[in-house]
Amino acid sequence: MPLRFIAAALVLWLSAICSPLSAAAEAPEPLSAIATSESWQLLGRWKNSMWPRKGQRSDIITEAFFLAENGRNDPLAELQATLQALNEPIGTDTEDHAVCRYPGRAIFLRQQGFAIPDPALYCPDFLEFTDNVATDSVSALFISGYLSNPGSAFGHILLRLH
């Protein structure tokens, strides 16, 4: 019994001594944690490759969508380039600024605590879009379907915004 107690105390003592060192070495930096978050992955449409060595790749094939040179394959590089672009001064032509080009990214990064300009203050197209989408209710309309084909039933459902 005393041997078990000594062994347990030794394990607890070693874990208490070693845990701060291992936690500091393994703790992700805030940007890497954000880059691997589900929301950031959805914004860039990054998905893990089915081949382990390929890493991640975005479904978006237009290179102009990405700010980083390797943004299609590297969410962290795209996040760093996005933060740099969003923190540039806003000039007179606001629609070309990253805040207006990527309002979803700007809103997400503001929610993460970054000091990013609000798209609602600088982007007239964003304001027009949000004003037009303001709805009181939503209805699901089932038009028609072929019961033997479930895809037909799901393909004929419309959303009506009131």
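Up top you'll find the structure we're talking about.
The structure displayed is predicted, hence computed values, not measured ones.

Let us look at the overall build of the protein chain. In terms of regular secondary structure, the protein chain is built from nine helices and four strands. What you see in the protein chain, going N to C, is helices and strands ordered as α-α-α-β-β-α-α-α-α-α-β-α-β. The buried share of the protein chain, taken over its 162 residues, is 23%. Across the protein chain, every contact between residues at least 6 apart in sequence was considered, and the portion connecting residues at least 24 apart equals 38%. Put simply, the protein chain shows about 11800 Å² of open surface, and 61% of that area lies on carbon and sulfur atoms.

Once that is clear, we can look at the side chain of Ser58. Along the chain, Ser58 falls in strand β2 (residues 56-58). Look at Ser58 and you get buried, because its relative accessible area is 2%. At 2.6 Å, the side chain of Ser58 forms a polar contact with the backbone oxygen of Gly44. A polar side-chain atom of Ser58 sits 3.1 Å from the main-chain amide nitrogen of Ile60.

For the rest of this paragraph, the subject is the nonpolar core. Formed by 20 residues in total, the largest nonpolar core has its most connected members in Trp40, Leu79, Leu86, Leu109 and Ile116. Those elements giving two or more residues to this core turn out to be α2 (30-35), α4 (75-86), α5 (98-101) and α6 (103-111). Examining the composition of this core, we find that four residues originate from one element, α4, more than from any other. Setting aside residues no more than four positions away along its own chain, Leu79 makes contact with Leu31, Ile34, Ala35, Trp40 and Leu109.

What follows deals with the side chain of Glu78. Locating Glu78 in the fold gives a position in helix α4. Reaching out from Glu78, the side chain makes a polar contact with the side chain of Arg105 at a distance of 2.7 Å. Residues contacting Glu78, with those up to four places away along its chain left out, are Trp40, Trp46, Phe65, Phe66, Leu67, Ala68, Gly71 and Arg105.

It is worth spelling out the pairing of strand β3 (residues 138-142) at this point. The buried fraction of β3 amounts to zero of the five residues, a small share that puts the element mostly on the outside. Across five bridges, the pairing between β3 and strand β4 (residues 157-161) is antiparallel. In the sheet register, Val138 faces β4, and the bridge partner there is Leu161.

In this section: the state of the cysteines. Tallied over the entire structure, the rule returns one disulfide. Paired by a disulfide, Cys100 and Cys123 hold their sulfur atoms 2.0 Å apart. The sign of the -90° torsion about the S-S bond sets the Cys100-Cys123 disulfide as left-handed. Residue Cys100 is found in helix α5, and its partner Cys123 is found in the loop between α7 (119-122) and α8 (124-133); the two are separated by 23 residues along the sequence. Accessibility assignment for this pair places Cys100 and Cys123 in one class, buried.

This part is about the packing of aromatic side chains. Across all of its chains, the model carries five aromatic pairs by this definition. Measuring from centroid to centroid gives 6.4 Å for Trp46 and Phe66, while their planes differ by 45°, and the two rings are tilted. One end of the pair, Trp46, is in strand β1 (residues 46-48); the other, Phe66, is in the loop between β2 and α4, with 20 residues separating them in the sequence. With respect to burial, Trp46 and Phe66 carry one shared label: buried. Seen from their ring centres, Phe65 and Tyr102 are 5.9 Å apart, and the 80° between their planes marks the pair as edge-to-face.

About the criteria used
Residues numbered from 1 in each chain as written. Predicted model: local features only at pLDDT ≥ 70, side-chain atom pairs only at ≥ 80, totals over all residues. Heavy atoms only, no water. Helix = DSSP H or I, 4+ residues; strand = E, 2+ residues; numbered from the N terminus. Buried < 20%, exposed > 50% of the residue type's maximum accessible area, 1.4 Å probe, protein only. Contact = heavy atoms within 4.5 Å. Areas by Shrake-Rupley, 256 points an atom, 1.4 Å probe, with all protein chains shown as cover. Polar contact = N/O pair within 3.5 Å; in protein donor to acceptor, adjacent residues only side chain to side chain. Core = buried A, V, L, I, M, F, W, Y, C linked by side-chain atoms within 4.5 Å. Pairing = 2+ DSSP bridges. Disulfide = S-S within 2.5 Å. Phe/Tyr/Trp six-rings, centres within 6.5 Å; stacked < 30°, edge-to-face > 60°.

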